[in-house]
Amino acid sequence: MAEKRDTPAEHLTFSQCYGYEPLPEPMRLEHISEDLRREIWNAVRKFLLLDARIPYFSVRTKRFIERVLGTFLKRSEDEIPTDYDTAMTMFRNHLFQAKFNKFLDLAKIMINDEAASEDFVNRIAESFERHAAYRLDTSHRPFQVSPRSSREQGEVTQKAIETIHQSSMEGAKTHLRQAVEHINAQQYADSIADSIHAVESVACVIAQKENATLGQVLDSLERAKLLKHPALKEAFKKLYSYTSNEQGIRHALLNQESADVGLDEAVFMLGACASFAAYLVNKHRQMQKP
């Protein structure tokens, strides 16, 4: 839940007004979370201290510092200080204060350095997997940083969530808010379940039945000539069927302690279900017009 602020209502953002963050952190491009900054610093600090005799670094670590910071700061390696206090402070300051693009530059330089161990690279990659809108491709060198989702995908998802939020679909709003919270808490199976429940909730409101099915809602839209493309109707039904049948995602969520889903699946289902639910809401509004 968003913390309460004494800010005049007219100055509140959409998120503050509704106590809701439109997009989960792993979809917020050009943003580096405090969790990611902290975890990367911890990984770097551990790596720098592996063979240190505090307050002195080993020759191997000093060369790592010279290469990495020299490349990052565009300075010759012999200009880079390698004494313990200065080097540690420089890494810490850059990791906690750098803008998102410079942070990503530094991360890429570090994991591609010749001294970077497999454990060091994996730890950084795992931190990105948990906390970032970017992922590290460590399948082959040079390792690359790439966006997890496109800006367009994020904008579409945000617009869809806002459409639901501005409607009277209270159940769907709650499920989407919880889906976002679950993603940020790395509870991906729970997030997918809530994304699916958001669609179900909208379907029930439109059909005015407590246990309405999506098929019933689509049939009513078709009868009202608001769903004019049979192929689109079938595509919606098949997507939903995939999440609902005994081999689908929802069955797995209900019958396994740990479903085989991750961040990518949770982000996809949030976007797909939010867009689907918003589509139904907009069609429902058209049905109600005189």
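No experiment lies behind these values; they were computed from the predicted model shown.

Novice: Is there a simple way to think about the overall build of the protein chain in this case?
Specialist: Within the protein chain, the regular secondary structure consists of 13 helices and two strands. Taking all 290 residues of the protein chain together, 45% fall into the buried category. Pairs at least 24 residues apart make up 66% of the contacts formed inside the protein chain by residues separated by at least 6 positions. Element-wise, carbon and sulfur atoms account for 48% of the exposed surface of the protein chain, whose accessible area totals about 15,800 Å².

Novice: Where do I start with the pattern of salt bridges in this structure?
Specialist: Side chains bearing opposite charge may pair, as long as their charged atoms lie close to each other. Tallied over the entire structure, the rule returns 10 salt bridges. A salt bridge links D35 to R38; its shortest N-O distance comes to 2.9 Å. On the criterion of helical spacing, the pair formed by D35 and R38 is a turn pair, its members being three residues apart in helix α2 (residues 34-48). Given a relative accessible area of 37%, R38 falls into the partly exposed group. Ionic pairing is found between E77 and R63, a salt bridge with its closest N-O pair at 2.9 Å. Separated by 14 residues along the polypeptide, E77 in the loop between α3 (59-73) and α4 (84-97) and R63 in helix α3 bring together distant segments of the chain. The class of R63 is partly exposed, set by a relative accessible area of 32%.

Novice: Teacher, can you tell me more about the packing of helix α9 (residues 188-207) against helix α13 (residues 263-288) here?
Specialist: Geometry of a packed helix pair, given as the angle between the helix axes and the separation of the axes. Orientation of α9 relative to α13, taken along the N-to-C sense of each, is 10°, at an axis distance of 8 Å. Of the possible angle classes, the one that applies to α9 and α13 is roughly parallel. Counted together, Y188, S191, I192, S195, I196, V199, V202 and I206 of α9 and L263, E265, A266, M269, L270, C273, F276, A277, L280, V281 and H284 of α13 form the full contact between these two elements. The class makeup of the residues in the contact of α9 with α13 is 15 nonpolar, three polar and one charged.

Novice: Before we go on, may I ask you to explain the nonpolar core in this structure?
Specialist: Taken as a class, soluble globular proteins show a tendency for nonpolar side chains to be buried jointly. Formed by 41 residues in total, the largest nonpolar core has its most connected members in F64, F91, M110 and F128. Of all elements in the fold, only α2, α3, α4, α5 (100-112), α6 (118-131) and β1 (134-137) reach the threshold of two or more residues within this core. Broken down by element, this core gets its largest block of residues, seven residues, from α2. Other than its neighbours up to four places away in sequence, M110 contacts I40, V44, F64, V68, F91, L95, A116, F120 and I124.

Novice: Sorry, what's going on with α6 here?
Specialist: Helical geometry note: an α-helix holds 3.6 residues per turn, so side chains three or four residues apart project in the same direction. Its 14 residues give α6 an end-to-end C-alpha distance of 20 Å, which sits within 8% of 20 Å, the value for a rise of 1.5 Å per residue. Turning to α6, its buried residues are F120, V121, I124, A125, S127, F128 and H131. One side of α6 carries all its buried residues, which in axial view fall inside an arc of 155°. Opposite the packed face of α6, turned more than 90 degrees from it, sit the exposed residues E118 and D119. On its buried face, α6 is in contact with α2, α3, α5 and β1.

Novice: Can you walk me through the pairing of strand β2 (residues 144-147) in this structure?
Specialist: Strand direction decides the pairing type here: β1 and β2, joined by four bridges, are antiparallel. Its bridge partner lying in β2, L136 is registered against V145.

Rules used in this analysis
Residues numbered from 1 in each chain as written. Predicted model: local features only at pLDDT ≥ 70, side-chain atom pairs only at ≥ 80, totals over all residues. Heavy atoms only, no water. Helix = DSSP H or I, 4+ residues; strand = E, 2+ residues; numbered from the N terminus. Buried < 20%, exposed > 50% of the residue type's maximum accessible area, 1.4 Å probe, protein only. Contact = heavy atoms within 4.5 Å. Areas by Shrake-Rupley, 256 points an atom, 1.4 Å probe, with all protein chains shown as cover. Salt bridge = Lys/Arg side-chain N within 4 Å of Asp/Glu carboxyl O. Axes fitted to C-alpha atoms, helices over the stretch in contact; angles between N-to-C directions. Parallel < 35°, antiparallel > 145°, perpendicular 65-115°, else oblique. Nonpolar A, V, L, I, M, F, W, Y, C, P; charged D, E, K, R; others polar. Core = buried A, V, L, I, M, F, W, Y, C linked by side-chain atoms within 4.5 Å. Expected span 1.5 Å × (residues − 1). Arc of directions from axis to C-beta. Pairing = 2+ DSSP bridges.

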